[in-house]
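Structural overview for review
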Amino acid sequence: MLKPLKHSLLALGLVFASGAIADEVKVAVAANFTAPMQAITPAFEKATGHKLLVSFGATGQFYAQIRNGAPYDVLLAADDTTPARLEREGAAVPGSRFTYAIGGLVLWSADASYLDGTDAALKAGQFRHLSIANPKAAPYGLAAMQVLAKQGLSETVKAKLVEGQNITQAHQFVSSGNAELGFVALSQVYKDGQLSSGSAWIVPDAMYDPIRQDAVILKQGANNPAAVALVEYLKGPEAAKVIESFGYKLP
Amino acid sequence: MPLSKNDLDAILLTLELASLTTVLLLIIGTPIALWLARTDSWLKRPVGAVVALPLVLPPTVIGFYLLVSMGPNGFFGQLTQSLGLGTFTFTFTGLVIGSIFYSLPFVVQPLQNAFEAIGRGPLEAAATLRANPWDSFFSVVLPLARPGFITAAILSFAHTIGEFGVVLMIGGNIPGKTQVVSVQIYNHVETMNYAQAHWLAGGMVAFSFIVLLALYGGRNARMRAL
């Protein structure tokens, strides 16, 4: 009876002791970067001993929360304008901004035979719903609109567009079969250099403006060594390998 | 004018959704409430609990199950497809169905209370006067339960106006079809249009306050009338 108690007290002591050297970093992460971040988190914690608390969400929502005092140390945005704006407004540490990933866009269907690696099914237009992320809020949604405009399909598919509030929801509409196909982030359907399910057309880079995703250290994390460590880790070779395996490009 | 065309469309759509939902819910909710008020069946408690579920469930749960079940692979979706109706996700019809689930307890519970308050006395009196059940329903139950109907209608209307999670999950943010006011506020906040968000959000606060004021004011007047 006493022994387990003693052990747990010992464990508790260890936790507190390690708490004294390790720091905690709260990071707000764009929804499209969910899968790579989940792979990076344990590796970062193991390599540095710091603890990572990750929140996933839409960049615009994070902006509103940060401007209203949300306790995040680092922001990994889905675009490059939000971190720049936060820096301009004095909510981020000047000079800490950098591009951690360049996003890839993919037209994806949960049905393994719907797309044949080209845009044929998109052009044929035999679908009821085409899912995209809200183009006003999400860079991947904006990129999708650019692709449609370039193909001259903006008007023809307009009545079939359904919008997710962020790229996660856009993907959910497709994966649940409610939309036959949709423009999602390559990282959501791509792993270890190949498509993990369904069928897809990987949109050529030239068809949309590069989705540069910037990270920035926020005012709250200015004096947090773990925040600096996270940024350094994201720039390092181990993180780079993970990020690229999900279909992102690096600057 | 601080509100855009999309904002005005969203307001109209929201009012349309709330009105239609309220009318349908009064029709659907009345027999359920009547049965719950009268029955001695062992089913009374389970059915009452099911009706009350939306009070405690997060709207995202209702929205998620609707998305899955109304989708092309879901039970309800396959049913509507086989009837040639297509699927109801991303449609106004889908929102109406979602709202009916979401606001059901706000109609059934006040009605059930009103019916229970009437008791069996007036109905037995009507029966001795040879009123058939339809007669007694329309000339005895309905007038006596009027305050209950008013409360139910106001609550259902107001609650549907405030719906967000369900619409977010099954709506697809389509202007004029599924983009209601609460979602439009979310859009404005996400895209950093705080001025427009304020106009709509402030409007919602004022509207909700007026509705509740009318509800409580009306309730006091009805109490006095009794």
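These numbers were taken from a predicted model, which means no experiment stands behind them.

**Concerning the overall build of chain A**
Along the backbone of chain A there are 11 helices and 12 strands. In terms of overall dimensions, chain A has C-alpha extents of about 70 × 50 × 30 Å along its principal axes. By the burial criterion, 45% of the 251 residues in chain A qualify as buried. In chain A, once contacts between residues fewer than 6 apart in sequence are set aside, the share between residues at least 24 apart is 79%.

**Some remarks on the UniProt feature "transmembrane region" (unreviewed entry) in chain B**
Residue and element names in this part refer to chain B. Per the UniProt record, the feature "transmembrane region" (unreviewed entry) sits at residues 12–37, 49–68, 88–108, 149–174 and 194–216. Between the first and last C-alpha atoms of residues 12–37 the distance is 36 Å; the span itself is 100% helix and 0% strand. Secondary structure across residues 49–68 comprises 90% helix and 0% strand; the distance between its end C-alpha atoms is 23 Å.

**A word on the interface of chain B and chain A**
By a widely used convention, the size of an interface equals the accessible area lost when the partners come together. Facing 18 residues of chain B, the contacting portion of chain A comprises 16 residues. Going through the elements one at a time, helix 3 (59–70) and helix 10 (181–190) of chain B are the ones with two or more residues in the side of chain B that touches chain A. Top element by residues in the side of chain B that touches chain A is helix 10 of chain B. It accounts for four residues. Of the residues in the side of chain B that touches chain A, the class split is nine nonpolar, eight polar and one charged.

**So, the packing of helix 2 (residues 44–56) of chain B against helix 5 (residues 92–118) of chain B**
All names here are of chain B. Packing of helix 2 against helix 5 brings their axes to within 7 Å, and their N-to-C directions diverge by 115°. Where helix 2 crosses over helix 5, the two elements pack in a sense that is left-handed. Here Val51, Ala52, Pro54 and Leu55 of helix 2 come into contact with helix 5, specifically with Phe101, Tyr102, Leu104, Pro105 and Val108. In terms of residue class, the contact of helix 2 with helix 5 is built from nine nonpolar, no polar and no charged.

**Here we look at the sheet that holds strand 8 (residues 181–185) of chain A**
Residue and element names in this part refer to chain A. Here five strands make up an open sheet; going across it, the order is 7-6-8-5-11 and the pairing mixed. If you trace the sheet from one side to the other, it starts and ends with strand 7 (161–164) and strand 11 (199–202), each paired once. The sheet shows a mean angle of 30° between the axes of neighbouring strands, direction not considered. Bridge count between strand 5 (residues 105–109) and strand 11: four bridges; the pairing is antiparallel. Residue pairing in the sheet places Trp108 in a bridge with Ala200 of strand 11. Against the sheet, helix 8 (residues 167–175) contacts strand 5, strand 6 (130–133), strand 7 and strand 8, and its axis sits at roughly 145° relative to strand 8.

**Focus on helix 5 of chain B**
All names here are of chain B. Over its 27 residues, helix 5 extends 37 Å from the first C-alpha to the last, a length consistent with the 39 Å expected when each residue adds 1.5 Å. The axis of helix 5 is deflected most strongly, by about 50°, at Ser103, and proline Pro105 appears within four residues downstream. Looking one or two residues beyond helix 5, the residue adopting positive phi is Gly119, at roughly 75°.

**Things to note about the sheet that holds strand 12 (residues 211–217) of chain A**
Residues and elements named next belong to chain A. Reading across the sheet, the five strands line up as 2-1-3-12-4 and stay open at both edges, with mixed pairing between neighbours. Since the sheet does not close on itself, it has two edges, and those belong to strand 2 (51–57) and strand 4 (98–103), each with one partner. Geometrically, the sheet is characterised by an average inter-axis angle of 20° between neighbouring strands, direction not taken into account. For strand 3 (residues 74–76) and strand 12, the ladder comprises three bridges, and the chain directions are antiparallel. The residue bridging Leu75 from the neighbouring strand is Val216, located in strand 12. Running at roughly 50° to strand 1 (residues 24–30), helix 10 (residues 225–235) makes contact with strand 1, strand 2, strand 3, strand 4 and strand 12 of the sheet.

Reading the values: the criteria
Numbering of residues starts from 1 in each chain and follows the order in which that chain's sequence is written. Note on labels: chains are lettered from A, ligands numbered from 1, in written order. With the structure being a predicted model, the display of local features is reserved for residues of pLDDT at least 70 and the display and counting of side-chain atom pairs for 80 or more, all residues being used for whole-chain, interface and lining totals. Strands here mean DSSP runs of E at least two residues long; helices mean DSSP runs of H or I at least four residues long; both are numbered from the N terminus. Neighbour counting defines burial: a residue surrounded by 20 or more other C-beta atoms within 10 Å of its own C-beta is buried, one with 12 or fewer is exposed, and intermediate counts give partly exposed, using backbone-placed C-beta atoms. Placing C-beta atoms from the backbone, we regard two residues as in contact once those atoms come within 7 Å. UniProt positions are given in the numbering used here, feature names are shortened, and annotations may be inferred rather than shown by experiment. Residue polarity is assigned by list, with Asp, Glu, Lys and Arg as charged and Ala, Val, Leu, Ile, Met, Phe, Trp, Tyr, Cys and Pro as nonpolar; anything else, Gly included, falls into the polar class. Lines fitted to the C-alpha atoms define the axes, with helices restricted to the stretch that makes contact. Angles between their N-to-C directions range from 0 to 180 degrees. Left-handed describes a crossing in which the near helix is turned anticlockwise from the far one by less than a right angle; the clockwise case is right-handed. Strand pairing is assigned whenever DSSP detects at least two bridges linking the two strands. By definition here, a helix of n residues has an expected span of 1.5 Å times n minus one. Bend, in this description, refers to the angle at a residue between axes fitted to the seven residues ending there and the seven starting there.

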